[in-house]
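Here is how the chains run, residue by residue.
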Amino acid sequence: ILLAGVGYTRYFASPIDFDGTNNSAKLRPYKIEENGKIPLYVAKNTTEAFMYELDPWRVAAFLEINEAIEIPEKAKSSDFMLRAWLLSISNHLKETGESHLQLLSFEKERGLTVDLPTGLIFGVLHTISHALKATAHQYVGIDQDSLAEYLFPLHISGLLYASSHVQFTLGGIDAVFRSNLQQWLGTVREFSNTCSFDPVCGQDGGACLACLYTKFGCNYFNRSLSRAYLFGGKVRGIDKEIKGFWSKEVVDLSENLKNSLVNS
């Protein structure tokens, strides 16, 4: 992950230009070096992260159970073919990097439309990311506000990392991954199942400041979050209730798909 300044600078911390000609602020383009390269000013931050990937068979079962799309027989022939099929239906994610079931006014003006399959995929991935972040502080020793997410929706994976600009980390994420990962993931499931504002929260989309919303570290401004993506129920943008990613129906279908692959 690269954090760098690209383009222009005013050189001085003060908005006043001290070049002796005027007092107005002035932006100067980065100086091009002799070899044609442009230098970038980079903030170096050595940190640690937890990277995860959703089971593609569970994702495919989740889409089919919720009637977003039907899995073709060819895609069921191997893990490689299933991943290739998931990529083939994810053009919306390839073009925009995110997908939402409720569009904002400027997105509608740009001509964007709702894409149900990628909207469901993004919703599940984003919700799991926030659930991991909300429970991580119990195990990694890092405050929730000091953790940030980085999603790779096209590859149904994400990254949770320590975002504070410090010169060292305590190794908390690495230690939990090695010795306490199962307990952390179990806590994620328990945490995501309830909210202190239920039943109001559950009836109004399944996400609020008391459960999944974060103050910092979300590049998507807390959009497309709902505990219903995981356990089932109502999500904003879909009229009927959905079956959750962790529901028995989705789990059973994904296991059946895997078993048919092994038996063949």
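Structure's up top.
Everything quoted here is computed from the prediction, not taken from an experiment.

As a further point, take the packing of aromatic side chains. By the definition in use, this model includes seven aromatic pairs. Relative to Trp184, the ring of Phe50 lies with its centre 5.1 Å away and its plane at 45°, an arrangement referred to as tilted. Placement of Phe50 in strand S5 (residues 49-53) and of Trp184 in helix H7 (residues 181-192) is noted, with a sequence separation of 134 residues between them. When its relative accessible area of 7% is taken as the criterion, Phe50 is described as buried. Note on Phe62 and Phe245: the rings are 5.9 Å apart at their centroids and 75° apart in plane angle, and the pair reads as edge-to-face. One end of the pair, Phe62, is in helix H1 (residues 56-65); the other, Phe245, is in the loop between helix H9 (228-231) and helix H10 (248-263), and 183 residues separate them in sequence. Phe245 carries the same exposure label as Phe62, and that label is buried.

What follows is about the packing of H1 against helix H5 (residues 116-140). Contact pair H1 / H5: the axes reach a minimum separation of 10 Å and the direction vectors enclose 130°. As summarised for this structure, H1 and H5 are arranged oblique, according to the angle between their axes. As for the relative orientation of H1 and H5, their crossing is right-handed in sense. Only Pro117, Leu120, Ile121 and Val124 of H5 make contact with H1, whose side of the interface consists of Val59, Phe62 and Leu63. Along the lines of polarity and charge, the residues of the contact of H1 with H5 split into seven nonpolar, no polar and no charged.

Scoring rules and cut-offs
Residues numbered from 1 in each chain as written. Predicted model: local features only at pLDDT ≥ 70, side-chain atom pairs only at ≥ 80, totals over all residues. Heavy atoms only, no water. Phe/Tyr/Trp six-rings, centres within 6.5 Å; stacked < 30°, edge-to-face > 60°. Helix = DSSP H or I, 4+ residues; strand = E, 2+ residues; numbered from the N terminus. Buried < 20%, exposed > 50% of the residue type's maximum accessible area, 1.4 Å probe, protein only. Axes fitted to C-alpha atoms, helices over the stretch in contact; angles between N-to-C directions. Parallel < 35°, antiparallel > 145°, perpendicular 65-115°, else oblique. Left-handed = near helix turned anticlockwise from the far one by under 90°. Contact = heavy atoms within 4.5 Å. Nonpolar A, V, L, I, M, F, W, Y, C, P; charged D, E, K, R; others polar.

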